[in-house]
Amino acid sequence: MMAQGFDSAKYIELQTKAILNRMDSFGGKLYLEVGGKIFDDLHASRILPGFLPDNKIRMLATMKDRLEAIVCVSCNDIQKSKERGDLGVTYDIECLRMIEQYQSYGIKTGNVVLTMYTGQPAADKFREILKEKGINSYLHYPIHGYPENTDLIVSDNGYGKNDYVETTMPVVLVTAPGPGSGKMAVALSQVYQDNRKGIKSGYAKFETFPVWNLPLYHPVNLAYEAATVDLEDINLIDPFHLAAHGITAINYNRDVETFPVLKALFEKIFGETPYQSPTDMGVNHVGFCICNEGVVKEASEREIVRRYYRTYCDKLAGKLGDGAVRRMDTVMKQANVTPDAFPLYKCVREAASEYSKAIAGIELSDGTIVLGKRSTDLTAVSAAILNALKVMGGIDKEKDIVLRDIIKPVQDMRTQILGNENTMLRADEMMLALAISASKDELAKKALDQIGKLNGCDIHCSVTQYPQDLSILRKLGMNVTCEPVLQTRLMLNH
């Protein structure tokens, strides 16, 4: 297993203390905009071994007696059924899921702000669903000239026109299913209206990446840039922080570009700005909790390569343009890393070239690489999983662990009933066949008992994968990458 590179206990302690200190500095009430994912932060857990995917919510749960949450979602995103890419659920459904998760941690919630409301029918329908579930909803409206038109924004016809969310806790999390949901505008609208009501409150950002006190080209920060090539986020030195404090700090282009406007907004709301730089706005102690630089560096470089493959596959699928590919290539050069730095990718490419058929490879937790080839019975992914289970279970590689009398009916269903042209079992079909075999065969049961050990393993494929296989691999907790080669192309050529 990869050694620990991040101290989660220290992070929870430092981040909690910093949030409470920030709350006190504003006189007792703080609207805390959460950057990135508050649940299931798999990116952070991959590049910071030791950072648990639920670290943020676990930390916030320690403050649950002083904290409540607002969930924001853009009506435009609801109208076009925008999905959270890693989970494949629409933003409105993710809002409901987030509320359930907050409640499961004992955190008060039940308020949803629908931003950019202009009468979208899907937003109206979602409000009805929220009402049926006993969840309060509030409307925020577009402001002409936002964010430059500060005179209009900070007025009764700007922030003052929005619905006010009644809150009772001293710390109010402002969260969303994804980017572009209007979290900052919601937080500042609340601060403005509090100020009009004589309530002292302030604003801050709960940041994770980029890490302000790591170097600009540190692999952790480059991994963040690699993960956001589609958003055109670029890390840079915060010039406002350097000028105000004489300290080099890393931020990203959007916050740096908008800070002069935010500063003007703060001055209109508070009379003076509480922050001298965008870095000042953030509460981020990630950099202080790295306990093994070498481990974190290697993990981040692995993630950059994973993002490299994802970018090229998304380009092949028409999801990204040439600009994203160029940005990804630049990140790879800045990190001075290539896929050949890791044996898994090289092994898969060499095997695919040798056998001229689809290959999948899995790197186990001890570094062992297990390959699988496409056959008449199994896809390459299915074969690789079965071979990996045999290795982890100490089972002879020549032994069949999925019984033939179970494979055959599944193949017949594929071809004769569902109309598929081939008899290869996809990963989900193979897993079901293995589970049934395990009820009859001891070796199959022994193999199935190893399945949890695939969690966190990398799997690389010589061709792109269909959604069904990608879904099962992600449910197994595996990190999936593919060469940007279409399956159909390889099958036609061979």
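Higher on the page you've got the structure.
J.: Give me the pairing of strand β13 (residues 369–373): which residues, what numbers.
T.: The alternating pattern of β13 places V370 and G372 on a buried face and I369, L371 and K373 on a face that is not buried. Sheet topology places strand β12 (residues 359–363) next to β13; 5 bridges connect them, and they run antiparallel. Bridge pairing in β13 places I362 opposite V370. The antiparallel hairpin formed by β12 and β13 contains 5 residues in its connecting segment, where G367 sits at a positive phi of about 95°.

J.: Go over the layout of surface pockets with me, naming the residues and quoting the values.
T.: Its volume calculated, the second largest pocket comes out at about 460 Å³. What lines the second largest pocket is a set of 16 residues, and nearest its centre among them are N387, K390, K397, K399 and D400. Looking at the lining of the second largest pocket, the elements with two or more residues in it are α16 (380–393) and α17 (404–417). Ranked by the residues each element gives to the lining of the second largest pocket, the list is headed by α16, at 5 residues. In the lining of the second largest pocket, the residues fall into 8 nonpolar, 1 polar and 7 charged.

J.: A description of the sheet that holds strand β14 (residues 458–461) should follow, citing residues and the corresponding values.
T.: One open sheet holds the 4 strands; their spatial order is β13-β12-β14-β15, and the pairing between them is mixed. Strands at the two margins of the open sheet, each flanked by one partner only, are β13 and β15 (479–482). For this sheet, the mean angle separating the axes of adjacent strands, direction not counted, is 20°. Two elements, β12 and β14, share 4 bridges in a ladder whose sense is antiparallel. Residue pairing in the sheet places E363 in a bridge with D458 of β14. Across the sheet, helix α15 (residues 343–355) is in contact with β12, β13, β14 and β15; its angle to β12 comes to roughly 155°. Seen against the sheet, α16 touches β12, β13 and β14 and runs at an angle of roughly 140° to β13.

J.: Just give me the short version of helix α18 (residues 427–438), but keep the residues and values in it.
T.: With 12 residues, α18 ought to run about 16 Å at 1.5 Å a step, and its terminal C-alpha atoms sit 16 Å apart, in line with that. Among the residues of α18, A427, E429, M430, M431, A433, L434, S437 and A438 are the ones counted as buried. Next to the buried residues of α18 lie α16, α17, α19 (442–448) and α20 (467–475).

J.: Tell me about the nonpolar core, and name the residues and values.
T.: In this structure, I19, L48, L60 and Y102 are the most contacted members of the largest nonpolar core, which totals 105 residues. Residue contacts for I19: discarding those within four places in its chain leaves L30, L32, M59, L60, M63, V171, F206 and V283. Counting residues in hydrophobic clusters, the runner-up holds 45 residues, among them L364, M431, C457 and L476.

J.: Please give an account of the side chain of H140 that cites residues and values.
T.: Within the fold, H140 resides in the loop between β6 (136–139) and α7 (150–153). A distance of 3.4 Å separates a polar atom in the side chain of H140 from a polar atom in the side chain of N162. Each residue touching H140, except ones within four places of it in the same chain, is listed here: V113, L114, T115, M116, Y117, N162, D163, V186 and S189.

J.: How would you explain the packing of aromatic side chains if you had to name every residue and give the values?
T.: Under the definition given, this model contains 19 aromatic pairs. The interplanar angle of 50° and the centroid separation of 5.6 Å between the aromatic rings of Y11 and F51 together place this pair among those described as tilted. Here Y11, found in helix α1 (residues 8–25), pairs with F51, found in the loop between α2 (42–47) and α3 (55–61); they are 40 residues apart in sequence, far enough to count as distant. Across this residue pair, the class does not change: Y11 and F51 are buried.

Reading the values: the criteria
Residues numbered from 1 in each chain as written. Predicted model: local features only at pLDDT ≥ 70, side-chain atom pairs only at ≥ 80, totals over all residues. Heavy atoms only, no water. Buried < 20%, exposed > 50% of the residue type's maximum accessible area, 1.4 Å probe, protein only. Helix = DSSP H or I, 4+ residues; strand = E, 2+ residues; numbered from the N terminus. Pairing = 2+ DSSP bridges. 1 Å grid on protein atoms, 1.4 Å probe; cavity = no way out; pocket = protein on both sides within 12 Å on 5 of 7 lines; lining within 4 Å. Points joined across faces, edges and corners; volume = space filled by probe spheres on them. Nonpolar A, V, L, I, M, F, W, Y, C, P; charged D, E, K, R; others polar. Axes fitted to C-alpha atoms, helices over the stretch in contact; angles between N-to-C directions. Contact = heavy atoms within 4.5 Å. Expected span 1.5 Å × (residues − 1). Core = buried A, V, L, I, M, F, W, Y, C linked by side-chain atoms within 4.5 Å. Polar contact = N/O pair within 3.5 Å; in protein donor to acceptor, adjacent residues only side chain to side chain. Phe/Tyr/Trp six-rings, centres within 6.5 Å; stacked < 30°, edge-to-face > 60°.

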